[in-house]
Each structure stands twice: as structure tokens, then as C-alpha cells.
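# Coordinates in review
Below, each chain spelled out in residue letters.
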Amino acid sequence: MKSTYKAVEVSAPNILKVVERPIPEPAPGQVRIRVEACGICHTDAATVTGTYPGLKLPRVPGHEVVGRIEALGSGVSKWKIGQRVGIGFFGGEDGTCEPCRRGDIVNCLNAVIPGVTIDGGYAEVMIAEARGISSIPDDLSSAEAAPLLCAGITTYNALRNAGLRGGDLVAVQGIGGLGHLGIQFARQMGFRTVAIGRGADKEKLAKNLGAHVYIDTAVDDPAAALQKLGGAQAILATAPSGSAMGPLVSGLATRGKLIVIGVPFDPIQLSAFPLVFGARSIHGSLAGTAIDTEDALAFSVLENIRPMIETLPLDQAPEAYARMMQGKARFRMVLTTSAA
């Protein structure tokens, strides 16, 4: 085995470069993963630009990582050499902060975040906390599974934890990296699914993904259109536009929820009237734990839910990242290595 591995690191803000690093040994409670695929998420921009709070450079981005375990740290008993595993945005908890002590580990105040607090998956090798990895089903290829470790679990958990019932009207705002999965999950969970996008050209795609109804914001006011349908019990806000998210509250049914999972750079401006008169609410949802991720993967296999992906080799990570940032990807870029 080579004593070094290839990685793509952020050496300074907005500079991605391929480097060779010594292969590390896993510490107690850790595993070393030989990476096969790593999805590129819009959140990676906070690492690439150096703006994530507390980030220290150099850092290898990537938190949608699939590969095979090639080394175990001491004390690791659940996992085996050669087992295919994945790790997403939530890579482990400290177990001592107040949210952890109350059982809310996904909101750990000192979470392990691949690509932020530790080196991530834009690499041939990655060290991960054993408590933060998930088993990958045989029915999913590594490239298919990678985006499900962040975009997939984020949309899946947001919907399944929203207190909804079968047949409820659920809208998904945005038909992109998150939204195209959100539509599939909403439909297969048994909700009356409405896709909200811009342009008539997206209607066919939205309905192919499972939407019962498509609302074109270039033609219709989405909040008014949703009210004509009876109001949404939940709206999954995936497109990173605060100006587009805020008005959607008026499209909610009484006690409906606007669930924000896309993170816009501009503020979300709200009118208090529909919040107060109708007890509507707005809240955020963040990824999920390792076992949540296994649930999302199992459901994806059960209902044949897959991300739409484009793949490029690891050496072309800067080009793949740029394609994602320019909105040219349809819909998730995935880096692959020679181990795939």
C-alpha cells in the first residue's frame, strides 16, 4: 500500500488544490475509510470560501462520503474491514453538551463535521468517528448513495418529523439538489405533493419525480395557488432564496409549517399576520444522525428513490465544485476515486 494519499484541500479561501498527504492511522473510536465517492454540497462553499465560523485552513471539504473501511482504531467493534459505509454532515457528537444530554445529539454544540472540523471526503482516504458512520445498502452504488447522506437525509428527516399524515398537502419549493429528492420522498411517503419552481420547462421533470401538481412562479403567486388547493400542511423550502421563502407562509393551511432546509444568503422576511392568525409556523431542520441516515437509505431502496447525479474524478474537484456553484449541475455533482 502507498504511504500517501491524494486529497483536494482548501489551502486558502477559494483555492482548491490537489495534494499528497501521509496516510493517517485511526485513533481510538475511529475508522479509516478508503473513499469511493463524495458528493459536492452547496454547504461546501462555506469551507471553500473560508467563511464557516471557526474554520481552520488547510481543510479538505466534503461531507457526503462513501467508501470501505480499511483500518479500525482501538475500541471499534461494530464495524469490519472491507465494510462499505458512509458519513454525512453529522459526523459525531461530544456527548456532554446540553442538547446531547437531552438526547438531541444532531444539534450537538460541538459536533464533528466532516469538511469543517475534520478533513472530509474530497480525498482518497478519510478518518471518521465510528459513531458517526452508516452502513450502505448493497442496492445503492457508492455514487448514488453519496448525495443521500446529506441532501437525502435532510429532506427525508424534515418530512418524516413534521407531524404529517398520509394525504396531507405538502409543497416542495425548488427543484434542485434538495428539491428533486424532497419531491420523491414526499410522494412516496403518501403526501399530495406540489412542486414549486420557475418556468414551464420544469413541469415535466417535477411530475416525473412524483409531483401531483406543479406551480410555476413565473405565472402564478405560489401562496395564492396553494390556498386554492386548500393550503399546505407543510412547505419544504429548499431553494436558497430568502426573498422567495418568506411569502410562502401565506400558502400554509391553519397550523401549517414552513420547513427551511435550504440556507439562503439573504434574510427571510415575514409578515406576522399569517403567523398569528392561523397559528402557522416556520422552523429549520438539520440533517440527521447515523441511524437516521440508515433509515433514509433503506427507504430510498424500498421506494426506488435516487438522486440525479453527474460524476467527475477526484482530480477534477475544482471543476466539479465550480459547476455546482454555477447552477449547471443536474442535480448533484459526485467525485469518484480509483477505488470506486
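## So, the overall build of the chain
The helix and strand tally for the chain stands at ten helices and 15 strands. Radius of gyration (C-alpha) of the chain: 20 Å, near the 20 Å computed for a compact globule of 340 residues. Counting only C-alpha atoms, the chain reaches 65 × 40 × 40 Å along its principal axes. Residues classed as buried in the chain amount to 54% of the 340 residues present. A separation threshold of at least 6 residues defines the contact pool for the chain, and within that pool the share at least 24 residues apart is 65%. For the chain, the computed accessible surface area is about 14500 Å², with 51% contributed by carbon and sulfur atoms. Between the averaged position of the 32 positive side-chain charges in the chain and that of its 31 negative side-chain charges there is a distance of 3 Å.

## Digging into the pairing of strand E3 (residues 30–40)
Burial of E3 is extensive: ten of the eleven residues sit out of reach of the surface. Both E3 and strand E6 (residues 125–129) contribute to a ladder of five bridges, which runs antiparallel. Along E6, the bridge assignment pairs Val 31 with Ala 128. Note that E3 and strand E4 (residues 65–72) share seven bridges and pair antiparallel. Within E4, the residue paired with Ile 33 across the bridge is Ile 69.

## Concerning the packing of aromatic side chains
This model, assessed by the stated rule, comprises four aromatic pairs. Each ring, one from Phe 273 and one from Phe 277, has its centre 4.6 Å from the other, and the planes form 25 degrees; the classification is stacked. For the pair Phe 273 and Phe 277, a shared accessibility class is recorded, and that class is exposed. Within the aromatic cluster, the residues linked to one another by ring pairs are Tyr 156, Phe 185 and Phe 299. Over the face of the ring belonging to Trp 79 we find Lys 78, whose NZ or CZ atom lies 4.9 Å from the ring centre.

## Quick notes on the sheet that holds strand E13 (residues 281–284)
Pairing within the open sheet is parallel, and its six strands lie in the order E10-E9-E8-E11-E12-E13. Of all strands in the sheet, those bounded by a partner on one side alone are strand E10 (213–216) and E13. Going from strand to strand, the sheet's axes swing by 20 degrees on average, the running direction of each strand aside. As paired elements, strand E9 (residues 192–197) and E10 share four bridges and run parallel to each other. Paired with Ala 195 across the bridge in E10 is Tyr 214.

## Let's talk about the pattern of salt bridges
Enumeration over the complete set of coordinates arrives at 17 salt bridges. Here Arg 160 and Asp 295 are joined by a salt bridge, their closest N and O atoms 3.1 Å apart. Here Arg 160 is found in helix H3 (residues 142–160), whereas its partner Asp 295 is found in helix H9 (residues 290–302), with 135 residues between them in sequence. You can call Arg 160 partly exposed: its relative accessible area is 33%.

## Points about the packing of H3 against H9
Direction vectors running N to C along H3 and H9 enclose 95 degrees, while the axes themselves pass 9 Å from each other. As judged from the angle between their axes, H3 and H9 are roughly perpendicular. Of H9, the residues touching H3 (which contributes Ala 145, Leu 148, Leu 149, Ile 153, Tyr 156, Asn 157 and Arg 160) are Asp 292, Thr 293, Asp 295, Ala 296, Leu 297, Phe 299 and Ser 300. Looking at the contact of H3 with H9 residue by residue, the classes come out as eight nonpolar, three polar and three charged.

## A closer look at the packing of H3 against helix H4 (residues 179–188)
Running from N to C, H3 and H4 point in directions that differ by 45 degrees, and their axes come no closer than 9 Å. Of the possible angle classes, the one that applies to H3 and H4 is oblique. H3 and H4 meet at a crossing whose hand is right-handed. Across the interface between the two elements, Leu 148, Ala 151, Gly 152, Thr 155, Tyr 156 and Leu 159 from H3 touch Leu 181, Gly 182, Phe 185 and Ala 186 from H4. Its residues assigned to classes, the contact of H3 with H4 comprises seven nonpolar, three polar and no charged.

So, how was this worked out
Residues numbered from 1 in each chain as written. Predicted model: local features only at pLDDT ≥ 70, side-chain atom pairs only at ≥ 80, totals over all residues. Heavy atoms only, no water. Helix = DSSP H or I, 4+ residues; strand = E, 2+ residues; numbered from the N terminus. Rg over C-alpha atoms; globule rule 2.2 N^0.38 Å. Buried < 20%, exposed > 50% of the residue type's maximum accessible area, 1.4 Å probe, protein only. Contact = heavy atoms within 4.5 Å. Areas by Shrake-Rupley, 256 points an atom, 1.4 Å probe, with all protein chains shown as cover. Lys, Arg positive; Asp, Glu negative; His and termini not counted. Charge placed at Lys NZ, Arg CZ, Asp CG, Glu CD. Pairing = 2+ DSSP bridges. Phe/Tyr/Trp six-rings, centres within 6.5 Å; stacked < 30°, edge-to-face > 60°. Lys NZ or Arg CZ within 6 Å of the ring centre and 35° of its normal. Axes fitted to C-alpha atoms, helices over the stretch in contact; angles between N-to-C directions. Salt bridge = Lys/Arg side-chain N within 4 Å of Asp/Glu carboxyl O. Parallel < 35°, antiparallel > 145°, perpendicular 65-115°, else oblique. Nonpolar A, V, L, I, M, F, W, Y, C, P; charged D, E, K, R; others polar. Left-handed = near helix turned anticlockwise from the far one by under 90°.

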